[in-house]
Structures are given as C-alpha cells and as structure tokens.
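Survey of secondary and tertiary structure
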Amino acid sequence: MTKAVESLSQRHCYFDSRRSGMRMRSALMVAVYHKQLKLSSFGRRRHSTGEIVNYIAVDAYRMGEFPWWFHSTWSLSLQLFLSIAVLFGVVGLGAFPGLVPLFICGLLNVPFAKMLQKCQSEFMVAQDERLRATSEILNSMKIIKLQSWEEKFKNLIESRRDREFKWLSESQLRKAYGTVVYWMSPTLISSVIFLGCALIGSAPLNASTIFTVLASLRSMGEPVRMIPEALSVMIQVKVSFDRINAVLLDDELKNDDVKRISLQNSDRSVNIQEGNFSWDPELPIPTLRHVNLEVKWGQKIAVCGSVGAGKSSLLYAILGEIPKTSGSVDVYGSIAYVSQTSWIQSGSIRDNVLYGKPMDKERYDKAIKACALDKDINSFDHGDLTEIGQRGLNMSGGQKQRIQLARAVYNDADIYLLDDPFSAVDAHTAATLFNDCVMAALERKTVILVTHQVEFLPAVDKILVLDGGQVIQSGSYQELLKAGTAFEELVNAHRDAITVLDPANNEGQEGTAKIDKDQMVTAEEPNGTSVVKENSQGEISAKGLPGVQLTEEEEKEIGLLAQAGFVALQAGSTYWLAYAIQFPKINNGILIGVYSGIATTSAVFVYFRSFYAALLGLKASKAFFSGFTNSIFKAPMLFFDSTPVGRILTRASSDLSVLDFDIPFAIIFVAAAGVELIAIIGIMTFVTWQVLIVAILAMVAVKYIQDYYIATARELIRINGTTKAPVMNYTAETSLGVITIRAFNMVDRFFQNYLKLVDTDAILFFHSNAVMEWLVLRIEAIQNFTLFTAAFLLVLIPKGYVAPGLVGLSLSYAFSLTGTQVFVSRWYCYLANYIISVERIKQFMHIPPEPPAIVEDKRPPSSWPFKGRIELQELQVSYLMYRPNAPLVLKGITCTFSEGTRALEKCQLKATISSLPNKLDSSVSDEGENWSAGQRQLFCLGRVLLKRNRILVLDEATASIDSATDAILQRIIRQEFAGCTVITVAHRVPTVIDSDMVMVLSFGKLLEYDEPSKLMETNSSFSKLVAEYWSSCRKNSYQNLNSYQ
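Computed from a predicted structure; not experimentally measured.

**Concerning the overall build of the chain**
A count of helices and strands for the chain gives 32 helices and 18 strands. Within the chain, the fraction of its 1045 residues that count as buried is 56%. Taking the intrachain contacts of the chain between residues at least 6 apart in sequence as the baseline, contacts between residues at least 24 apart amount to 83%. In the structure as shown, the chain presents an accessible area of about 44700 Å², 59% of it carried by carbon and sulfur atoms.

This is the structure in structure tokens:
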C-alpha cells in the first residue's frame, strides 16, 4: 500500500513539475520574442538574430527543466535527511561521526559549483559567438560559394567551436571528479557509522543493525546519484536565467520619440522641429543634426544625397527607430514603409501582399498592377499562390522589391516611406513604378521617397538634399537648380551619365521606343519557381537506439567494465558484512576494515566510469560537429535554397546542446543503473532463487511496455522537432524584419501568430511528458509486485534455513529494486528521445555533396585563368537544378566573353572610415545594420578589389549608390583595370553602355549579344531599352537641364 501511494503521488508530482516547466519555457519564449519586437537599435546590435534564436532554442528550454530539477533537488535532499534520521533512530549517537564526511562533501560543493558555473558561463558566451557567425554565414552562403570561401568560413566556425569545446571539456571532466565524491560518500558514511557504533557502543554490530544501516544508505543512493546532475542543471539554469534576464532588461524603443496624431483636422503629415538623432549616443556628432521638416498632406517629397548622407536615417527618424537626442517629431496618420533591403516572409506572394489584411479583390488587383507584378504573377505556374522561399530565395531582387511595394500600396496607409524602391529594377520598370504607383495609385497619399534617380525629381513637390547628416538644401526642382551647390553636383552627375546616350543617335528609334514588354525583360527577373514545401515529418529516418554508433566499441567496453567492477566491489563489501557477522571470532576492527577497503577500492572504478563517459561524450560531440560542419559547407546551393536557416540552426544549437550535455550522462546513467539492477536481482536470487521466476516475468513485461512506449514517444519527439523549427524560423524572420513590422503597426499580429506556434510546440511536449509518466507508473506497479514476492518468500522461509545476514542483505537490495528499475527505464527513454537529436544532426551529415573544390590531378596552373576568357555552350540553369522538372531560368545560352574589359580600384569609403574613432576596427553589426545599403555595397566592392582576380562579376553592385559615386567607380574601372574581365548586371543603362559587349536576355533566352554600338545601329531590343531610358530622362529632366545650362 505504501509503495502504491508513493508511486501515484510521485508520478503526479513529476507530471505537474514538467507541465509547470513547459509553461515556464513557453512564457520565456514568448517574453523573448515580445522583447525582440520592442528592442531599440542599440539593443538589436547587442543581441543578433542568432543570439535571439539561441535564447529561445537553448536557454528557454533549459529554464523549462528548472521546476522538475528544483522539486527533485529538495525532495531528494529531504529523502537524504530522513535516511539520516533513520540512522540516528537505529544506532543512536553512533551516527554522529557519519555526519562529518557528509558535511565535508557538502562543503566541497561550494568551490565545485563555482568552477562549473564559470565553465558554463564561458561556454554559453562562446556558443553565442559561434551561432552568430553560423547565422550570418548561412544567410550569405550563396556569396560564400560564389567566392569559393567555404574553407575560410568553415575554419572560422571551427575556431569558434574550439573555444566553446575548451569550456565544455573542462566542465564535463570536472563533473567526473565530482561524481567520485558523491558515489563514494555512502561508503565513507557507512564505514564511519560502523566505526562510531563500535567505539561508542550505541548499537550492536549484528545483522539487524548493519543491514538497517545499509538499507538506509541505499535509500540515499538516488539522492547521491542525482544531486550532482541536479547541481549541474541548476548551474546551467542560472546561466540561462542571467542571459534571458539581460535581454529582457535591455534597451527598448521609446514610443515617445515620435508623437503619433490622428490625421483628422490636420493638413500636415510629418513635422520635425530641431531634430537631432544618433544611432550611437556616445558619438559626439549626431547621425542627423538640426532637422526641420514640414510635410503637408498629399505632398510628394524626394530625398537625395550621396552614399552615407543620412537618407535612410531620416526615414528611421520618422518611424522612431533612431534614438532622438533632442527636438520633436509629429506624425499624422498611419505609415507604410518599403525598406531599402527587401524583407519578404516565407509564404505565398498573396500572403506577402495582403500582410494580414482581409482580401479586397479590387484593391488587390490595383496594387498588383500599379507595382508591375501582374505579368510576373501570370508567368508563375501557381500565380500569386507561388510559394516564396526563405528570404525570397526564388525571387529576383526586383520582384522582391515590387512585392514589398505592393504590400505597402495594399495597406492603404496615410504616409508612405519609400527607401530607394527603384534600385533593383530596370529603367522602364522604374518609370512605370514611379508614374503608375507613386504618382497615380498614391496620388492622394503623402509620399517621402529616397532615391538616386534624378530623372524623377522634377515631378515631386519638394526635394531634400542631405549631406553629412544635415538637410543642406530644400525646395522644388527649379529652386534647387537656381541655388546650385550640392544639388547641382547630383544633377551634373546624372547629366554626364545620360549624355553618354547621345539623343541624336536615338532619334530614329523614338518611334519604336515602346518596348514589347511580353518579349523584352532585363536580367532582373528569373522565371518564378515554386518552392516545394518539404515534409518535415519525414525528414528523420526511423532508426532505433541500438543502431546509433556514438563511440568506438573498445572504449565503451572500458566504461561498462568499470561500472561492472564498481557494482561487484560494492556487492562484495556488503556480502562480506553478511558473511562475517556469522563468525564471532571476527572482531569489529577486521569487519569494518575489510568492508571499508573493498568499498573504497571501488572508487577507482567509479572514476574510470565517469571519466570515460565524459571523454567519449566529448569525442562524440567533436566527431558529430565536424561531420555536420563539413557536410553543410560542402552541400550544394539547392540544399540552402530548399532548407530554412532555422532548421539548420536548431541542429547547430539545441540538438548539439543535447549531444554535448545530456547524452553522455544519460548513457552512463543507463549503463550504471542497468548493471546495478542486474546485481540487485542476482543478490535476491542468490538468497531466494524462486524470485528469479517473477523477476524474469517482470522484466519481460517491462520490456514490452517500454517498447510500446518508445514507439509512441519517438514519433512524438520527431513531430515535436518539426514544430520547434517553425518557432525558430519565425523568430529569425521577425528579427530581420522588425522595423517593417513596427512601421506597419503589425506587432500584435506577429505576436499572436507566434503564440500559436509556441502552443503547437507545447502540445507535443505535453503529450511526451504524459506518456513518460504513463510508462513509469506501470513499471513501478510491476516491480512493486516483484518486491512483494521477494519479501513474502523471505517470510515463508523456515527459521535457520537462511542466515539472518543474507536475509538482511536481500531485503536491503530489494527495497531499492523499484527505484532502480524506474531510474533505468526513465533514463533509457530519455536517451531514446535524446537520440532523435543525434539523428537530426546525422541527417545533415549525409547531404549529397557538390563536386570537390580541388581535384589534385586536374589542378590548373597557379596563373589560371591566363586571360579571363569565358565561353558558354548551351548553358541551361534552374534555381532548383537538381529537382526533376524544375523550370529553367537560363535556356541554352551560347556566347563568349572576351578577356580584358574592366575592374575596380577604390571603393570611395576612405573619408567615411577615417572619420570613425576606431577606423578599420569599427564594428559591423548583424546584417551590416549600422551601415547604409550603399556603404555595404562599397564594402563588397572593396573586398573583391583585394582578391585581384582576373574575372569580376558585379551583380547590381552600384544599385544603391548615387550617380556621382557610380560615375567615379565606373571611371576607375575603365582606367585602372583594363586587363580584367568584368561581367556587369545592371539596370542603369549608363553603367553598361560603354561595355565591350552587351547581352540581352528574355525569359531565360539569349536575344542579343554584340557590341553596344552595333546594337544601337539596328532596331534591336537593346536600342529600344536605351531609347526608353532616354525618353524617360528627357521627359522628366532634359528640358530643365537645357534651361539650366
């Protein structure tokens, strides 16, 4: 009856503890996510996307373990003290000496815990650094592969892991020393108690005393076994608590920086008075200084200036994203924002355009048409239901930008902040977007447009010219032309660019300037491809626990032999007591001395067992991480195109954390308790052999129930893995687009969506814990029956048939049978669940690799390529090239790029970097967020300059750069690097007009490939494109330029 009550109450206690932990974990995940929606720019720099994912994937999960371990710690401690009380009741004052080693063991906890906490803290810091680097690398894998930088960045990740591994090794090996102390404490305590009884004479050393003491000490076995692990977990929880606490207390966006007022009863949209704004409050010079701006309702405002002038920062000031140091900002009405770097959610085109708003078919169609998306959507197999991959991987830059613009138009806001939305589209599309979208669809809206396209400036109501963080000029196009200075430089740069396109040479094409848009597209737009959603449930192979090979057989045998030796010596020491008390000639000194000697010798085996468990766990972690990293960096781009970054990061964070910490000690717990269970049954059988029949039947029943449970539990854990990845993906996606989310006032919607994802994840976790307690309850019932049978048989044995010492020995072991069996089953099931993490990592260790980077017997000379000549023969390319029936983006292109066209010398960043306090050591935050888009492009240009390769590919490399800087870069390319082959993908016609050869593509097919001068002499598609660009420029600004001259 006592055992039944114990079993039921403990199962409910454990289940409720796990449920409380699940709620705590979910609450912390939600709190961190909600905090990231409110983090200021300064806070976001301190907590990168990878770190925030780590807080949720690792730290919140660790905190979710706290209630179970907390309740286990105090209940096991209570069990320990009750056992001590029983000892005092049996042996009286003789138990006092036993408190000395117990007190010493307790004191040893203090420095041990401090050392472990330091190791854990340093480990988590190192893990954060690795995950931050991993996140950035995964998001930039296409660039890394194009540059053949895989080995360099793989070494970077491995160096981060080496630092992390150093602290992991120190932590795990120190645990091995601590385990020896804890496992030997019962032996030391019992020896001292027996010695105290002998010296004080408080109790006779007979079978009754000895085995009551041993039974009490055996009940201390589970506390002794679990308290070190509980201590380790509590330290991990403390570190995770501090990390989560740090992010939750970090700087938030100040809502009072921008005063939001209803549009009613006001003719103003934006009003800034004496505004000073700074990204870094510690810098002496603010980012934006003395800004005074009044925007009337319905006005079209253009913002222009050179790279790094503060154009985007002005929009951030209106949004309230940049900290305000002084002044006032008033915004009248709702805002829609289009960022310079496209932010696209995973989902369909329709989902991205609607952005949580209900479908209004008429308004939707108008938005699609105004943003020139109708022809793109019609060309997609699934129309606007085409799935967009993570970060818009299967869309061109222009398509992503126009989807963003359509999202803003459909939102029907009062104020539109457009940050260089035309940089990723060709001249014709830019003109269409400006006329049909900005000037027509948004005719009755207030628009603040940041742009480098000077040709659109005459049509706007007001132009702001920024330089060095100040509005240096403000007025209409005509007013600024008369004023001259900075605006004059911008206009002159544009004039110089378009005069390359002599209008006299294009007069013959004016009649044919209308481009057949069904036939003519630029290199901007690939055919839309629908990303196939992978069945996440099927992503892990169903491998059983025995099939997972974590370590080498020889070393595992050493650990098992060490445990067997420990159990054998422990059993031998207790058998010696049972045997020796039958002989009065054996005095107390010999009795206690032999017992203590045998039991103490077992400490050597405990050390070897714990040391090898830690060592093999570290070897497994190293091997799996190495294999996982090598496989990821050798994977083809198809893998990254079809696999969300969050799915890779969960394996690199939470799954690897399970492999680092949980699996090694789960294995040793199963092995140690399993050997101990066999020893218990062996001793019981030695005394009463009949119990073996019941024990065998019980083991068979336990195995059947356990297998039944594991089949269910493993599937629950697998499905839980698929519910966890979307949580991480959504977190990472939100972190990258948090400014857009806040601008559209969509924080509550995203928060509610995240709550649903967390609830779905928690449901699987809840069921996993419920089935675990279901299993343990049945195992306890079966083994309680075995215990009852053993005790009943001992009662039925005739007096004198079995020595009293052996009866005591059998009962002392029998009382721990149920607890040991439950311990084995619980940790075996935990291990089976943990192995899912190994399988998930192992799955990504067997990605079909791309061809090797180096084939030794095929290596070209070090001087290759000699001339930089490129030949294409029937080139066919698909975004998902290894997937059957994937649509082609390039369809049979044959051409030759001759050697020696252009290259790059200077990236025009010297003045900017020289003005910074740390010069070249200045920091670059996550995604380069603390630099403008134009400056980031210049960084990339400077990076390729250092490589000095013979072939240079510039893919919209100057799209976010003003015309003046672009002209300087193009001149440097022409003058200084004539021996380098440069392939330029650009939408600015002046950028490509003086190239040696021009290639025109249409829907993946090669239309034209010839010298520009020859193409201009005929009625070619290229000449039509030039005529269209020239017509647009002339219509908007040529007359003004002539009058200015």
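So much for the structure itself; the text now carries on.
**Notes on helix 15 (residues 427–441)**
Taken as a whole, helix 15 carries its principal kink of about 25° at Phe434. Restricting attention to buried positions, one finds in helix 15 the residues Ala427, His428, Thr429, Ala430, Ala431, Thr432, Leu433, Phe434, Cys437 and Val438.

**Comments concerning the environment of Ala459**
Within the secondary structure layout, Ala459 lies in the loop between strand 10 (446–450) and strand 11 (462–467). Dropping the residues within four chain positions of it, Ala459 is found in contact with Phe434 and Met439.

**Let's talk about the state of the cysteines**
By the definition in use, this model includes zero disulfides. A disulfide-free cysteine, Cys437 has its sulfur positioned 4.1 Å from the sulfur of Cys371, the nearest such atom.

**Thoughts on the environment of Ile680**
Inspection of the secondary structure assignment puts Ile680 in helix 21 (residues 645–687). For the pair Ile680 and Ser810, spaced 130 residues apart in sequence, the C-alpha separation works out to 8.2 Å.

**Quick notes on a nonpolar patch on the surface**
There is a patch of nonpolar side chains on the surface, built from Leu93, Phe96, Leu195, Leu199 and Ile200 and spanning about 540 Å² of accessible area. Secondary-structure assignment places Leu199 in helix 7 (residues 150–200).

**Details of the packing of aromatic side chains**
Applying the stated criterion to the full structure yields 32 aromatic pairs. Ring geometry for Tyr33 against Tyr754: centres 3.9 Å apart, planes inclined by 5°, an arrangement best described as stacked. Linking Tyr33 in helix 1 (residues 2–36) with Tyr754 in helix 24 (residues 747–796), this pair joins segments that are 721 residues apart in sequence. Of the two residues examined, Tyr33 and Tyr754, each falls in the buried class. With a centroid separation of 5.4 Å and 80° between ring planes, the pair formed by Trp279 and Tyr316 is classed as edge-to-face. Taken together, the positions of Trp279 in the loop between strand 2 (268–277) and strand 3 (288–296) and Tyr316 in helix 10 (residues 311–319) put the pair 37 residues apart, joining distant regions of the chain. Both residues of the pair, Trp279 and Tyr316, belong to the buried class. Three or more aromatic residues link up through ring pairs in this structure, and these residues are Tyr33, Trp343, Tyr355, Tyr730, Phe744, Phe750 and Tyr754.

**Some points on the sheet that holds strand 3**
Sheet architecture is open: four strands sit in the order 1-5-2-3, paired in mixed fashion. On the outer flanks of this sheet lie strand 1 (259–261) and strand 3, each paired with one strand and no other. Within the sheet, the average angular offset between the axes of one strand and its neighbour, ignoring direction, is 10°. Examined bridge by bridge, strand 1 and strand 5 (residues 324–332) share three bridges and lie parallel to one another. From the neighbouring strand, Arg260 faces strand 5, where its bridge partner is Val331.

**Looking at the sheet that holds strand 10**
What the six strands build is an open sheet, ordered 6-9-10-4-11-12; its pairing is mixed. Edge strands, defined here as strands with exactly one partner in the open sheet, are strand 6 (335–338) and strand 12 (470–475). Neighbour-to-neighbour, the strand axes of this sheet turn through a mean angle of 15°, independent of strand direction. Bridge count between strand 9 (residues 415–419) and strand 10: five bridges; the pairing is parallel. Residue pairing for strand 10: Ile415 is matched across the bridge by Thr446.

**Remarks on the side chain of Glu733**
You can see Glu733 is positioned in helix 22 (residues 691–736). On the basis of relative accessibility, which here comes to 12%, the residue Glu733 falls in the buried class. Those residues in contact with Glu733, other than ones at most four positions away along the chain, are Trp343, Ile344, Gln345 and Ser346.

**With respect to the confidence of the model for the chain**
Confidence in the prediction for the chain averages 79 pLDDT; 82% of positions are at 70 or higher. Every residue in residues 502–555 scores below 50 in pLDDT, and together they form 122 contacts with partners more than four places removed in sequence or on other chains. Scored below 50 in pLDDT, residues 1037–1045 shows 19 contacts in the model against residues more than four places distant or in partner chains.

**Some remarks on the pattern of salt bridges**
Summed over all chains, the structure comprises 36 salt bridges. Between Asp412 and Lys445 there is a salt bridge, with the nearest N and O atoms lying 2.9 Å from each other. Of this pair, Asp412 sits in the loop between helix 14 (397–411) and strand 9 while Lys445 is found in the loop between helix 15 and strand 10, placing the two residues 33 residues apart along the sequence. Of the charged contacts, one joins Asp655 and Arg840 as a salt bridge, the two residues approaching to 2.7 Å between their closest N and O atoms. In this pair, Asp655 is assigned in helix 21 and Arg840 in helix 26 (residues 817–843), connecting sequence segments 185 residues apart. By the burial criterion, Asp655 is buried, and Arg840 matches it. Here the residues in one salt-bridge network are Arg11, Glu773, Glu780 and Arg826, joined through shared partners.

About the thresholds
- Residues numbered from 1 in each chain as written.
- Predicted model: local features only at pLDDT ≥ 70, side-chain atom pairs only at ≥ 80, totals over all residues.
- Heavy atoms only, no water.
- Helix = DSSP H or I, 4+ residues; strand = E, 2+ residues; numbered from the N terminus.
- Buried < 20%, exposed > 50% of the residue type's maximum accessible area, 1.4 Å probe, protein only.
- Contact = heavy atoms within 4.5 Å.
- Areas by Shrake-Rupley, 256 points an atom, 1.4 Å probe, with all protein chains shown as cover.
- Bend = angle between axes of the 7 residues up to and from the residue.
- Disulfide = S-S within 2.5 Å.
- Patch = residues over 30% accessible without salt bridge, like charges linked within 9 Å, V, L, I, M, F, W, Y side chains within 5 Å.
- Salt bridge = Lys/Arg side-chain N within 4 Å of Asp/Glu carboxyl O.
- Phe/Tyr/Trp six-rings, centres within 6.5 Å; stacked < 30°, edge-to-face > 60°.
- Pairing = 2+ DSSP bridges.
- Axes fitted to C-alpha atoms, helices over the stretch in contact; angles between N-to-C directions.
- pLDDT = per-residue confidence, 0-100.

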